[in-house]
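# Summary of the model geometry
This is what each chain is made of:
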Amino acid sequence: MDNENQNQEPNRFGTPQPVQYQPQYDLSTNPPDGRKKKHKALAIASLALGGISLCCCWIYVIAIVPALIAAVFGLIALIGGRDKSVKIMGGIGMGLGIIGIGLSLFMLVGYIAIINWDNLTMENLESFKYIDPEDRRQVMEWMQQFFNEDISGRMYY
């Protein structure tokens, strides 16, 4: 009981007042280790996802997802990171993510440009049920009507 009374100051009525809590560390100058590790992990994830998005940018629009995540993670690591290495990794990861977004959008525009929109009708789409799915030539001829470019892959057979 004496220890409790030592930590508390009495007021004018004689009842003890609670002592104010003093934080153990100052967040503005020395963040806890968990916060440092979080930003470093985000920077590493940003680098990895940015690299994946660059490698996969030609696969339709799938690469936009890791590119967007890489850009966001990189921005968070760049802004919140305390170490110089974390900021550099975050900046590079964000840059790779932005480049991945740009390349994926460029590829998407390229894919849209080769579609022959005039032949893309319900009648032409329904004509698929009249061809033999086992005959590669018939399937390729049916598909070719929807594209401006040759997609037959004649060099492969």
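Up top is the structure these notes are about.
This write-up is about the structure you can find in this document.

Each value, and the rule that gives it
- Residues numbered from 1 in each chain as written.
- Predicted model: local features only at pLDDT ≥ 70, side-chain atom pairs only at ≥ 80, totals over all residues.
- Heavy atoms only, no water.
- Helix = DSSP H or I, 4+ residues; strand = E, 2+ residues; numbered from the N terminus.
- Expected span 1.5 Å × (residues − 1).
- Buried < 20%, exposed > 50% of the residue type's maximum accessible area, 1.4 Å probe, protein only.
- Phe/Tyr/Trp six-rings, centres within 6.5 Å; stacked < 30°, edge-to-face > 60°.

### Focus: helix H4 (residues 84–113)
- Taking 1.5 Å as the rise per residue, H4 with 30 residues should run 44 Å; its terminal C-alpha atoms sit 43 Å apart, in good agreement.
- Turning to H4, its buried residues are Val-86, Met-89, Gly-90, Gly-93, Gly-97, Gly-100, Ile-101 and Ser-104.

### Some details on the packing of aromatic side chains
- Using the criterion set out here, one finds 2 aromatic pairs in the structure.
- Note on Phe-128 and Trp-142: the rings are 4.8 Å apart at their centroids and 55° apart in plane angle, and the pair reads as tilted. Linking Phe-128 in the loop between helix H5 (122–126) and helix H6 (136–144) with Trp-142 in helix H6, this pair joins segments that are 14 residues apart in sequence.
- Owing to a relative accessible area of 35%, Phe-128 belongs among the partly exposed residues under this scheme.
- Look at Trp-142 and Phe-146: their rings are 5.0 Å apart centre to centre, the planes differ by 80°, and that puts the pair in the edge-to-face class.
- On the basis of relative accessibility, which here comes to 7%, the residue Phe-146 falls in the buried class.
- Members of the aromatic cluster, each reached through a chain of ring pairs, are Phe-128, Trp-142 and Phe-146.

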